[in-house]
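These are the residues of each chain, in order.
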Amino acid sequence: MRTDRKTFRRKALLLVLALTLVLGIMPFEAGASAALPDLNDKSVYYTPDYKSGECILSSCKCMFRRAAIMRGSHEWDTITNTALRGIATNKSGLFRHSFDYTNDGITYTVSIMDLKGTEAAKINTVANMLLNHPEGIIVWGSNANSAGPHAVLVTGCTRGVLYAADSVYNTNGRNYGIRAWNDTSMKSISKCTDIWYISKINGVSQKTPQSGSAATQAGYVKPDPLVHIINVRAPQSIKKGRSFSIKGKIYSLRKMKRVRVQILRASGKTAISVTTKPNRAYYNLKKLDRRVKFRKLKRGTYTYKVKAQTSRGWETLVEQGFTIY
């Protein structure tokens, strides 16, 4: 009897292991849509197809990937050095000063500009540019690191400290993602002289996210490359007295003067209205979550709206009907 039990347990264990292996290697269903990665996810910056001397190209690839993710494109990972090489470089292999690149129906225009001044002035220039270019900017210099010319994608600046993705640390099995400037292979930014950046974006993603994904939970999400929102969480039905957490990341090609969240009654009158002044090109709605108090709403039908104002006026980003029962 004990032998039979041991045999049974052994067979059961082998069956579980076999099922685990099969499930682990099964492909996703056709049409399934993986969640968009966070912009700090190291997978966004890893470059297995890197070739020697492609620091600007690799930085550009990462810049395009960030811009694609911000616009809700699930094709972000098809942007690679291999895909860009023949478009972004000339016959001599030099990176072009300007060019257009299209992926998933979105066209990105890249331009170049000089980076001048003292070290402090250059940091200030980069920090100010990042307010309007949260996808990042490429910073290059002919004597930027110990090997000579080099470039990194600068993605942020906090209290005068720059953060960047350096291709040297994101290829050949190494994957460090974004690091503080002093942890990259770069010398002082005073050695840098040029910036490449995305000067224009046209079009919207051609891929419609799978029904029920975070990008389509709201009844209406405006697919506008000027001002757009991703990872939306909007209400559908809430029990009276219960709270609800709103979510959404807003990106704009211009500074946003205001972001407003509204709850409108069926009559069209305002039940809740919360406004903030980001004065930048990015805003996370989670910052307004505590101020939008769903638990105070009475039973009835409402509309949840998210709007953003730029120099071109107000844009409605989300409009979702919901009920309090």
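Per chain, the residues get numbers from 1 upward, laid out in the order the sequence is written. Only residues with pLDDT of 70 or above have their local features reported here, since the model is predicted, and side-chain atom pairs are shown and tallied only from 80 upward, although totals for entire chains, interfaces and linings are computed over all residues. As a rule here, side-chain values cover all heavy atoms of the structure and leave hydrogens and water aside.

1. Some thoughts on the nonpolar core
Short version of the rule: The criterion is simple. A nonpolar core is a set of buried Ala, Val, Leu, Ile, Met, Phe, Trp, Tyr and Cys residues joined through side-chain atoms within 4.5 Å. Any residue under 20% of the maximum accessible area for its type is buried, any over 50% is exposed, and the rest in between are partly exposed; the area is computed with a 1.4 Å probe on protein chains only. Each helix corresponds to a stretch of at least 4 residues labelled H or I by DSSP, and each strand to a stretch of at least 2 residues labelled E; elements are numbered beginning at the N terminus. Contacts are assigned to residue pairs that have any heavy atoms within 4.5 Å of one another.
I56, C60, F64, F95, F99, Y108 and I138 are the most contacted members of the largest nonpolar core, which has 35 residues in total. Among the secondary structure elements, those contributing two or more residues to this core are helix 2 (55–70), helix 3 (81–88), strand 1 (99–103), strand 2 (106–114), strand 3 (137–145), strand 4 (148–158) and strand 7 (194–202). With 11 residues, the top contributor of residues to this core is helix 2. Not counting residues up to four positions away in its chain, the partners in contact with I56 are F95, I138, W140, A151 and W196. Counting 29 residues, the second largest nonpolar core, distinct from the first, contains F244, V261, Y283 and L317.

2. Things to note about the pairing of strand 2
It is a general feature of regular strands that their side chains alternate between the two faces of the sheet. How we decide: One bridge is not enough; two strands pair if DSSP finds at least two bridges between them.
When strand 1 meets strand 2, the two strands line up antiparallel, connected through 5 bridges. The residue of strand 2 that forms the bridge with F99 is V110. In textbook terms, the turn of a hairpin is the stretch between consecutive antiparallel strands, and for strand 1 and strand 2 this stretch comprises 2 residues, one of which, D104, has a positive phi near 55°. In terms of strand pairing, strand 2 meets strand 7 through 8 bridges, oriented antiparallel. Residue V110 lies in a different strand from strand 7, and its bridge partner there is I198.

3. Observations concerning the sheet that holds strand 13 (residues 280–284)
Worth spelling out the cut-off: To define axes, lines are fitted to C-alpha atoms, for helices over the stretch in contact only, and angles between the resulting N-to-C directions are given on a 0 to 180 degree scale.
The 3 strands lie next to each other as 8-10-13, forming an open sheet whose pairing is antiparallel. Each of the sheet's edge strands pairs with one partner strand only, and the pair in question is strand 8 (227–233) and strand 13. Averaged over all adjacent pairs, the angle separating strand axes in this sheet is 10°, with direction ignored. Examined bridge by bridge, strand 10 (residues 247–256) and strand 13 share 4 bridges and lie antiparallel to one another. Bridge pairing links K249 to N284 in strand 13. This element, helix 4 (residues 119–132), spans strand 10 and strand 13 of the sheet and lies at about 120° to strand 10.

4. Focus on the side chain of T171
For the record, the criterion: Throughout this description, a polar contact denotes any pair of N or O atoms lying within 3.5 Å of each other; where both atoms belong to protein, one of them has to be capable of donating a hydrogen while the other can accept it, and for residues adjacent in sequence the pair is counted only when both atoms sit in side chains.
With respect to the element layout, T171 can be found in the loop between strand 5 (161–165) and strand 6 (178–180). In terms of polar contacts, T171 uses its side chain to reach the backbone carbonyl oxygen of T47, at 2.7 Å. Setting aside chain neighbours within four positions, we find T171 in contact with Y46, T47, P48 and Y50.

5. Thoughts on the pattern of salt bridges
Note that side chains of opposite charge can pair when their charged atoms are close. Counted only if it meets this: Salt bridges, as used here, are contacts in which a Lys or Arg side-chain nitrogen is within 4 Å of a carboxyl oxygen on Asp or Glu.
Summed over the entire model, instances satisfying the criterion amount to 2 salt bridges. With a shortest N-O distance of 3.6 Å, K249 and D38 are connected by a salt bridge. With K249 in strand 10 and D38 in the loop between helix 1 (2–25) and helix 2, this pair connects stretches of sequence that are 211 residues apart. For D38, a relative accessible area of 38% corresponds to the partly exposed category.

6. Focus: helix 2
Counted only if it meets this: By definition here, a helix of n residues has an expected span of 1.5 Å times n minus one.
Taking 1.5 Å of rise per residue, 16 residues should cover 22 Å, and helix 2 covers 23 Å from first to last C-alpha, within 8% of that figure. Taken across its 16 residues, helix 2 has 16 buried, putting it largely inside the fold. Looking one or two residues past helix 2, G72 carries a phi angle of roughly 75°, positive in sign.

7. Comments concerning the packing of aromatic side chains
Note the following rule: Here the aromatic set is Phe, Tyr and Trp, taking the six-membered ring for Trp, and pairing holds for ring centres within 6.5 Å; pairs whose planes are under 30 degrees apart are stacked, those over 60 apart are edge-to-face, and all others are tilted. Remark: a charge is flagged as sitting over a ring if the NZ atom of Lys or the CZ atom of Arg is within 6 Å of the ring centre and within 35 degrees of the ring normal.
For the structure on display, the rule yields 12 aromatic pairs. Measuring from centroid to centroid gives 5.4 Å for F95 and W196, while their planes differ by 90°, and the two rings are edge-to-face. Of this pair, F95 sits in the loop between helix 3 and strand 1 while W196 sits in strand 7, and the two are 101 residues apart along the sequence. Each ring, one from F294 and one from Y304, has its centre 6.5 Å from the other, and the planes form 40°; the classification is tilted. Here F294, found in the loop between strand 13 and strand 14 (300–310), pairs with Y304, found in strand 14; they are 10 residues apart in sequence, far enough to count as distant. For F294, a relative accessible area of 2% gives the class buried. Residue classification places Y304 among the buried positions, given a relative accessible area of 1%. Taken together, the ring pairs in this structure connect F64, F95, F99, Y101, Y108, W140 and W196 into an aromatic cluster. Lying across the ring of W314, K307 places its NZ or CZ 5.1 Å from the centre.

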